[in-house]
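One letter stands for each residue in the lines below.
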Amino acid sequence: MQPFIQFESVSKSFGSLAVIDSLDLTIHKGEFLSLLGPSGSGKTTILMMLAGFERPTRGTITLDGMRIDQLPPHRREMGVVFQNYALFPHMTVAENVAFPLEMKRLPRHEIARKVERALDMVRLGHLKNRRPSQLSGGQQQRVALTRALVFEPRVILMDEPLGALDKQLREHMQLEIRELHKRLGLTIVFVTHDQSEALTMSDRIAVFNAGKVEQIDSPHAIYDTPRTRFVAQFIGETNLIEADVVNVQNGHATIVLGADLAAKVRSGPELQAGQKALFSLRPERMRLGADPAGDNALDMTITDCIYHGDHMRVQLAKGNFTFTARCERLAGNWTVGTPVVVSFDPRDCTVLAP
Amino acid sequence: MFRTAQILFGVSVVIFLLMPIVAILPLAFTSSVFLTYPIEDYSLRWFVELATADAWRLSIMNSLIIGLGATLLSTILGTLASLGMRSKALPFANLLRTMFLLPMVVPAVVLGVGMQMLFVNLGLASTYPGVIVAHAVLCVPFVIVSVSASLQGIDPSVEKAASSLGASPVMVFRRVTFPLALPGVISGAVFAFATSLDEVVITLFVAGPNQRTLARQMFSSIRENISPTVVAAALLLIIGTLCLGGLAALLRWRQERSALKAVP
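Everything numeric in this text was worked out from a predicted model, so none of it was measured.

### A short note on the sheet that holds strand β15 (residues 287-288) of chain A
Within a sheet, each strand pairs with its neighbour through backbone hydrogen bonds, oriented either parallel or antiparallel.
Residues and elements named next belong to chain A.
Here is step 1 of the chain: In spatial order, the strands read β15-β19-β16-β17-β18; together these five strands make up an open sheet with antiparallel pairing. Each edge of the open sheet carries a strand with a single partner, namely β15 and β18 (321-327).
Here is step 2 of the chain: The sheet contact formed by strand β17 (residues 312-318) and β18 spans seven bridges and is antiparallel. Looking across to β18, one finds that lysine 318 is bridged to phenylalanine 321.

Written out as structure tokens, the structure is:
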């Protein structure tokens with residue numbers, strides 16, 4: 001895939017406050033890229049610079065080889081969906097959707113045809129004469145989306161568009177947006193602070209922290225092989241432990257987690273015996289059972305069991321060393337205080353530089 | 001107990017405010033040439049006088065010309081000022097706002113004297129443009145207050161959305177900002193017109209005999225000969241102002257209702 005949008009050493013500061021620090025970012029044509037990070041990590045600023053509402057303090061942004069960072073918003077051909085939808089309250093649904101087409105000076109009959117087709121696509125045709133204030137949140141969201149899509153912009157930018165919806169509707173809209181993305185081959189840049197939203201929708205995720213990209217990868221890679229401590233902690237849940245590397249050979253390393261518990265992990269070339277390392281293991285990759293399976297089997301004790309409906313969360317300890325495991329159901333009649341063997345696959349462990 | 005006291009107090013304040021009007025208005029329908037009770041015979045002769053006497057007819061025409069002129073001028077200037085003060089790039093926006101609102105608090109006599117001196121030098125004294133400008137100065141604050149309030153109610157992301165959808169700044173203003181601010185502009189204009197209609201003090205200083213407005217005419221006819229025509233004119237003014245005020249309230253109510261509904 002050729003680079004479509006490119007940020008080259010882009011920095012942005014508001015007064016003395018640096019929000020983005022020398023960012024390089026490539027977005028491919030037709031991909032769904034999520035910008036994920038806690039609030040204040042600069043992800044919305046990046047979107048605003050793409051849309052043209054903010055200008056970079058330094059650096060360049062190009063779209064399809066053309067520099068766009070100094071262009072005003074109305075000449076960038078980007079459809080923006082705002083968190084609060086930003087529908088025009090004094091226009092009907094149809095007038096809202098027709099607005100970008102009128103700005104393009106399309107002939108009247110063509111506008112009518114496109115508006116009709118676009119509203120039918122999101123099943124809002126019957127509401128076209130309503131005002132935005134007469135629609136539900138989900139319907140407003142679909143109108144905003146339609147309005148941003150209808151003029152065939154080169155990129156769709158979404159700023160936490162699902163933040164104001166309730167959980168069920170949000171999940172439904174996630175699927176709907178994903179489906180539109182696939183069907184129309186859109187390039188979408190999606191800002192969110194909701195990691196599960198980013199994981200389910202994106203082709204790639206860029207994880208932001210304090211104005212810098214921590215990691216940019218497929219959802220799979222972000223979840224399974226986080227490359228920094230921040231990513232490991234921010235995405236999903238993990239057991240993060242400072243450990244000592246004692247032995248490295250044949251692509252595997254033995255590390256001591258604490259309380260005399262040692263684990264075998266997959267090792268890259270960067271690990272050396274005698275080093276400190278950061279060990280990360282997802283709770284759902286652990287198995288509890290008397291029979292050790294896999295290379296790692298640790299003897300621990302159950303200290304707490306929390307019921308979550310579809311799964312259980314089990315707290316394990318040995319000495320002052322603790323783990324959290326997640327199981328679908330408990331195999332035995334285990335109660336607090338039961339000794340148990342914890343096993344996991346070396347391939348499921350991630351070891352990071354501390 | 002407390003509730004009863006509240007109601008009693010409220011009612012007495014309203015009575016206190018309304019009594020002077022209630023006391024004098026019926027005299028508009030007297031047939032006598034004196035402003036005295038009891039009214040022996042009812043007639044509409046003073047309204048006929050209002051419509052036929054040259055001095056009164058001219059003053060009504062003047063009030064309309066000057067009122068409409070001042071409303072137009074102050075609405076345009078006040079709206080532009082409100083738009084300008086909304087910009088983040090403008091330094092001292094608050095200082096400017098205070099300046100624009102000063103005519104509300106500066107004594108009219110002071111403004112009147114100042115304007116008279118200025119207008120004599122500019123050749124505007126005793127001319128229609130002079131009186132219109134003078135009234136517009138008084139009206140601008142009302143427009144600014146009303147338009148600023150409705151601009152404040154506009155979600156900035158709506159304007160951003162418009163520009164991202166391909167609208168140039170001029171188009172954003174024409175298609176989004178202005179239509180959304182329109183109720184505020186209209187109610188500002190209504191206030192401006194009502195202000196101009198009531199204005200006497202500054203008119204005394206800057207208007208010549210040819211620009212005698214209705215309010216000014218009432219003022220002088222009270223001093224010269226207290227005829228019931230003044231009361232008839234007052235009744236017209238009150239009814240006109242009430243209608244305009246009602247219109248403004250209606251517009252504001254509609255705007256608030258649509259703003260309330262717009263919250264998702």
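And the narrative resumes.
### Let's talk about the domain arrangement of chain A
Residue and element names in this part refer to chain A.
Here is step 1 of the chain: With domains assigned, chain A is organised as domain 1 (3-234) and domain 2 (239-352).
Here is step 2 of the chain: Placing a centre on the C-alpha atoms of domain 1 and another on those of domain 2 gives a separation of 39 Å.
Here is step 3 of the chain: Counting residues at the interface gives six residues for domain 1 and five residues for domain 2.
Here is step 4 of the chain: Taken together, the residues of the side of domain 1 that touches domain 2 sort by class into two nonpolar, three polar and one charged.

### Re the packing of helix α2 (residues 93-103) of chain A against helix α4 (residues 137-149) of chain A
Residue and element names in this part refer to chain A.
Here is step 1 of the chain: Put simply, α2 and α4 touch, their axes get as near as 7 Å, and they point 25 degrees apart. Here α4 runs roughly parallel to α2, going by the angle between their axes. Judged by the sense of rotation from one axis to the other, the crossing of α2 with α4 is right-handed. Note on element contacts: α4 touches α2 through Val143, Thr146 and Arg147, opposite Val93, Asn96, Val97, Phe99 and Pro100.

### Examining the pairing of strand β1 (residues 3-14) of chain A
Regular strands show a simple pattern: their side chains alternate between the two faces of the sheet.
Residue and element names in this part refer to chain A.
Here is step 1 of the chain: Pairing of β1 with strand β2 (residues 17-28), which is carried by eight bridges, proceeds in the antiparallel orientation. Counted as the bridge partner of phenylalanine 7 is leucine 25 from β2.
Here is step 2 of the chain: Counted along the chain from β1 to the antiparallel partner β2, the turn is two residues long, and its residue glycine 15 has a positive phi close to 60 degrees.
Here is step 3 of the chain: In terms of strand pairing, β1 meets strand β4 (residues 58-63) through five bridges, oriented antiparallel. Each residue of the ladder has a partner; that of glutamine 6, found in β4, is threonine 62.

### What about the interface of chain B and chain A?
Here is step 1 of the chain: Contact with chain B, which involves 19 residues of that partner, is made by 25 residues of chain A.
Here is step 2 of the chain: Elements that contribute at least two residues to the side of chain B that touches chain A include exactly α7 (156-164), α8 (169-198) and α11 (229-262) of chain B.
Here is step 3 of the chain: It is α7 of chain B that provides the largest number of residues to the side of chain B that touches chain A, a total of six residues.
Here is step 4 of the chain: Of the residues that constitute the side of chain B that touches chain A, the class distribution is 10 nonpolar, six polar and three charged.

### Description of the sheet that holds strand β11 (residues 239-249) of chain A
Residue and element names in this part refer to chain A.
Here is step 1 of the chain: Overall, antiparallel pairing links the five strands, which are arranged β13-β12-β11-β14-β20 in an open sheet. On the outer flanks of this sheet lie β13 (261-266) and β20 (350-352), each paired with one strand and no other. Neighbour to neighbour, the strand axes of the sheet diverge by 40 degrees on average, direction disregarded.
Here is step 2 of the chain: One ladder, built from six bridges, connects β11 with strand β14 (residues 276-281); its direction is antiparallel. Of the residues in β14, the one forming a bridge with glutamate 242 is leucine 278.

### So, the confidence of the model for chain B
Here is step 1 of the chain: For chain B, per-residue confidence averages 86 on the pLDDT scale, and 96% of positions sit at 70 or higher.
Here is step 2 of the chain: In the predicted assembly, ipTM is 0.80 and pTM is 0.78.

The rules behind the values
- Residues numbered from 1 in each chain as written.
- Chains lettered and ligands numbered in written order.
- Predicted model: local features only at pLDDT ≥ 70, side-chain atom pairs only at ≥ 80, totals over all residues.
- Pairing = 2+ DSSP bridges.
- Helix = DSSP H or I, 4+ residues; strand = E, 2+ residues; numbered from the N terminus.
- Domains from an automatic or database assignment.
- Contact = placed C-beta atoms within 7 Å.
- Nonpolar A, V, L, I, M, F, W, Y, C, P; charged D, E, K, R; others polar.
- Axes fitted to C-alpha atoms, helices over the stretch in contact; angles between N-to-C directions.
- Parallel < 35°, antiparallel > 145°, perpendicular 65-115°, else oblique.
- Left-handed = near helix turned anticlockwise from the far one by under 90°.
- pLDDT = per-residue confidence, 0-100.

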